[in-house]
Protein chains: 2
Amino acid sequence: MQKRVTQRDVAARAGVSQAAVSRVMAEHGYVAEDVRARIMEAAAALGYRPDPVARTLITGRSNIVAVVVGNVVNPFFPVALSALTEALRQEDREVLLFNAAPGQNIDDLIPGVLRYKVAGIIVMTVALGSRAAEFCADAGVPYVLFHRYAEQGGAFAVACDSGAGGREAARHLVATGCRTMAYVGGLEDSSPNRDRANGFIAGLREAGLAPVEHLNGAFTYDWGREAINGLLYRHPDLDAVFCGDDAIACGVVDALRYDLGRKVPDEVSVIGFDDVPQANWAAYRLTTVRQPLEAMIAQTLTLLKHPEDEARRLHLLPGEMIIRATTRR
Amino acid sequence: MQKRVTQRDVAARAGVSQAAVSRVMAEHGYVAEDVRARIMEAAAALGYRPDPVARTLITGRSNIVAVVVGNVVNPFFPVALSALTEALRQEDREVLLFNAAPGQNIDDLIPGVLRYKVAGIIVMTVALGSRAAEFCADAGVPYVLFHRYAEQGGAFAVACDSGAGGREAARHLVATGCRTMAYVGGLEDSSPNRDRANGFIAGLREAGLAPVEHLNGAFTYDWGREAINGLLYRHPDLDAVFCGDDAIACGVVDALRYDLGRKVPDEVSVIGFDDVPQANWAAYRLTTVRQPLEAMIAQTLTLLKHPEDEARRLHLLPGEMIIRATTRR
DNA sequence: CTGAAAGCGCTAACAG
DNA sequence: CTGTTAGCGCTTTCAG
């Protein structure tokens, strides 16, 4: 149980005051070059590393970023979380992970998060609160919604341009000869779901078409599988389905092939959204809209670091249509 | 930007000293019942919530548990992480998430983690360090390996009994008439991989059989897909493959069906390990060995909370064979 | 430019 | 049982 090396130890070895060491470590205030060198040397020799807890106590700000996640079963989550923590790690920031309970309002969670004096909060859940942004603003903590946005609250938000993605999906289906189409969405009350649906509808309208049906449910494989069964029963001539995300799409494809005996894409085309790893598995080879994950993360970090520089609240980044084998040529 | 409520404020309102408030909040030391009631009332009225940073600074221990993850692409990770954070949340403990860079030694990571005065460290990466357990022991921080264990270092470890699982898989394949079998493993130098391989080999030996080949690679879909191609070329009469995990197994199944035109399970049986959500998707319906996730997490939390009560270092929990449609009846 | 000194909010002896 | 008193390790005035 060895004692930690403190700034006092470094100061003693360098023959300076502890305050001088602090100034060097915090890169704050002026220190003569030779003194700074002596201090750095002493710190290195002693293996000194600053105590983040003590620093946070006094400054009221840590280098920890809170990430609030919710629907963890969705395969997009681990991909996004992993890329995010990796990016944060490269900036020497840690990630405090909060798991919102199903149905839990973010508003109830944020005050608890704020107690940790986090440097910022990134919210990846679908269920939103209305006052969370306000709490964070009061505390001076940057608050960024990732992957979706809120109509009100004035929070920063970074997301894929789902509307454009939905439109592209519609155009691709129209261009490949589909006419009787449906949208199988995820959580009704979420911005990606709304935008994907609206974009899809808008894209069909360009061709003078309209979806025969528009379903909402959850961003899950099981929902996709369930939804398509009823859908195909009501519309036996259905020739295309645009899905809220890849998980739903996989469920739809599987149900079409294994529950309903339809050929994908020959009889029914299917398009997903996200481009999760499974989308490219040989069993699916899903045509989908890839989220611009790298760009979304970069934008999120910029917002976290310099929220004041950025007047624009909503940042929608264009996705990329990935054409594989669940749509016709 | 409203001021936080501090113990001093509570003390003033309750007409007691700040120390009395601390004793009530920390549940440490004696306080008269009526005084305690007054304090609780004042705290509630003011909306007081303790400052975890200040508390950590003085006690040298936070209520934060560090979770170190690595191979995030593997679908078992989000399932495990999600269940773990959920369990931790129920104990009012937070999760500090560390993403080990690919190939990074845990030993280099742990000292940085320890600076946060975490209440415990749970390691879910496959790459191990040799001194991490020692560092943690020196700092008095419980250290638990999750999902795999180390031969040396004396760290606590909680994992599925992969050896028993491998043996069961072998028995099931033998019982369903397979004779020419191979093991397609993941990361060679990891305990789950070794145990699954050894268990499988032992299980075959019971029937007087031996695997025709034994490959190691990575716990990924792509590796499974690649491995089976060469394997089937060298052993055209192969009739079963036991895989290091479900991701590999999905790759093997897909390659057999779509790259090699074989029928699963009629021509080749495939068994995975973990029972991730995808294993039950209709495109796979994978026979697999389910990890006892709930039990593993419960055991991990117990070890974290009372490490001194537990003499046994290694806790192997039995998995459950889930028979689906990638093995014959 | 540097050191002394005052805390950040809380816990933990220690008297009373 | 309760209040007083030191700090935890660090940042940040404030003199010098």
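Residues numbered from 1 in each chain as written. Chains lettered and ligands numbered in written order. Predicted model: local features only at pLDDT ≥ 70, side-chain atom pairs only at ≥ 80, totals over all residues. Heavy atoms only, no water.

As annotated in an unreviewed UniProt entry, chain A is Transcriptional regulator, LacI family from Salipiger thiooxidans.

### Looking at the overall build of chain A
Across its full length, chain A holds 12 helices and 12 strands. For chain A, whose C-alpha radius of gyration is 25 Å, the value lies well above the compact-globule estimate of 20 Å for 329 residues. Judged by the C-alpha coordinates and their principal axes, chain A covers about 85 × 40 × 35 Å. Taken across its 329 residues, chain A has 56% of its residues classed as buried. Within chain A, counting contacts between residues at least 6 apart in sequence, those at least 24 apart form 71% of the total. Only carbon and sulfur atoms are counted for the fraction: they give 50% of the accessible area of chain A, which is about 13800 Å². Of the side-chain charges in chain A, 35 are positive and 39 negative, and the distance between the mean point of each set is 4 Å. (Helix = DSSP H or I, 4+ residues; strand = E, 2+ residues; numbered from the N terminus. Rg over C-alpha atoms; globule rule 2.2 N^0.38 Å. Buried < 20%, exposed > 50% of the residue type's maximum accessible area, 1.4 Å probe, protein only. Contact = heavy atoms within 4.5 Å. Areas by Shrake-Rupley, 256 points an atom, 1.4 Å probe, with all protein chains shown as cover. Lys, Arg positive; Asp, Glu negative; His and termini not counted. Charge placed at Lys NZ, Arg CZ, Asp CG, Glu CD.)

### Quick look at the packing of aromatic side chains
Applying the stated criterion across every chain yields a total of 13 aromatic pairs over all chains. Ring plane angle 45 degrees and centroid distance 5.6 Å describe the contact between Tyr183 of chain B and Phe242 of chain B, whose orientation is recorded as tilted. With Tyr183 of chain B in strand β6 (residues 181-184) and Phe242 of chain B in strand β8 (residues 240-243), the pair connects residues that are 59 residues apart, well separated along the chain. In this pair, the class of Tyr183 of chain B matches that of Phe242 of chain B, namely buried. What links up through ring pairs into an aromatic cluster is the set Tyr221, Trp281 and Tyr284 of chain A together with Tyr221, Trp281 and Tyr284 of chain B. Over the ring of Phe273 of chain A we find Arg196 of chain A, and its NZ or CZ is 3.7 Å from the ring centre. Over the ring of Phe156 of chain B we find Arg313 of chain B, and its NZ or CZ is 4.1 Å from the ring centre. (Phe/Tyr/Trp six-rings, centres within 6.5 Å; stacked < 30°, edge-to-face > 60°. Lys NZ or Arg CZ within 6 Å of the ring centre and 35° of its normal.)

### Describing the protein's contact with DNA strand C
Close to DNA strand C lie 29 residues, the nearest being Ala32, Val35 and Ile58 of chain A together with Gln18 and Arg55 of chain B. Each atom of DNA strand C within 4 Å of the protein was classed as base or backbone; sugar and phosphate made up 62%. A distance of 2.7 Å separates a base nitrogen of DNA strand C from a polar side-chain atom of Arg23 of chain A. Tallied by class, residues from the surface near DNA strand C come to 16 nonpolar, 7 polar and 6 charged. (Near = heavy atom within 4 Å. Polar contact = N/O pair within 3.5 Å; in protein donor to acceptor, adjacent residues only side chain to side chain. Nonpolar A, V, L, I, M, F, W, Y, C, P; charged D, E, K, R; others polar.)

### What about the interface of chain B and chain A?
In this assembly, 47 residues from chain B lie in contact with 47 residues from chain A. Where chain B abuts chain A, roughly 4500 Å² becomes buried across the two surfaces, and 63% of that area is made up of carbon and sulfur atoms. For the chain B face of the interface with chain A, the top three residues by lost area are Arg115, Tyr116 and Trp281 of chain B, together amounting to 16%. Counting across the interface, chain B meets chain A through 20 residue pairs in polar contact (both at pLDDT 80 or more). (Buried area = accessible area lost by both parts, 1.4 Å probe.)

### Some words on the sheet that holds strand β6 (residues 181-184) of chain A
Strand-to-strand pairing in sheets goes through backbone hydrogen bonds, with the strands running parallel or antiparallel. All names here are of chain A. Across the sheet, which stays open at both edges, the 4 strands sit in the order β7-β6-β8-β9 with parallel pairing between neighbours. Two strands in the sheet have a free side with no partner beyond their single neighbour: β7 (213-215) and β9 (269-271). Along the sheet, successive strands turn relative to each other by an average axial angle of 15 degrees, direction set aside. By the bridge criterion, 3 bridges tie strand β8 (residues 240-243) to β9 in an arrangement that is parallel. (Pairing = 2+ DSSP bridges. Axes fitted to C-alpha atoms, helices over the stretch in contact; angles between N-to-C directions.)

### Here we look at the domain arrangement of chain A
Residue and element names in this part refer to chain A. According to the domain assignment, chain A consists of domain 1 (7-59), domain 2 (64-160 + 293-319) and domain 3 (162-290). Put simply, the middle of domain 2 and the middle of domain 3, counted by C-alpha atoms, are 28 Å apart. The largest per-residue losses of area from domain 2 upon contact with domain 3 belong to Pro75, Val126 and Cys160, which jointly make up 35% of the total buried on that side. The tally of links between domain 2 and domain 3 comes to 0 salt bridges. Counting every contact that joins domain 2 to domain 3 gives 5 residue pairs in polar contact (both at pLDDT 80 or more). Split into classes, the residues belonging to the side of domain 2 that touches domain 3 amount to 6 nonpolar, 4 polar and 2 charged. (Domains from an automatic or database assignment. Salt bridge = Lys/Arg side-chain N within 4 Å of Asp/Glu carboxyl O.)

### Let's talk about helix α6 (residues 106-114) of chain B
All names here are of chain B. The element α6 is largely enclosed, with a buried count of 7 among its 9 residues. Along α6, the residues that are buried comprise Ile106, Asp107, Leu109, Ile110, Gly112, Val113 and Leu114. Close packing links the buried residues of α6 with β1 (64-69), β2 (94-99), β3 (120-123), α7 (132-139) and β4 (143-146). A distance of 2.7 Å separates the backbone nitrogen of Asp107 from a side-chain oxygen at the start of α6, and that oxygen is part of Asn105.

### Side note on the relation of the copies chain B and chain A
For these two chains of identical sequence, chain B goes onto chain A by a turn of 180 degrees and a shift of 0.0 Å along the axis, with RMSD 0.1 Å. Both copies are brought into coincidence by an operation consistent with a two-fold rotation axis. Judged by C-alpha distance, Leu96 of chain B is the residue of chain B that lies nearest the rotation axis, at 2.2 Å. (Least-squares fit on C-alpha atoms with pLDDT ≥ 70 in both.)

### Some words on the protein's contact with DNA strand D
Around DNA strand D, 29 residues are found, and the nearest of them are Gln18 and Arg55 of chain A together with Ala32, Val35 and Ile58 of chain B. Each atom of DNA strand D within 4 Å of the protein belongs either to a base or to sugar and phosphate, the latter forming 61%. Thr6 of chain A is positioned with one of its side-chain polar atoms (N or O) 3.2 Å from a phosphate oxygen of DNA strand D. Within the side chain of Gln18 of chain A, one N or O atom sits 3.4 Å away from a base oxygen of DNA strand D. Residue assignment for the surface near DNA strand D shows that the elements contributing at least two residues are α1 (7-14), α2 (18-26) and α4 (52-59) of chain A together with α2 (18-26) and α4 (52-59) of chain B.

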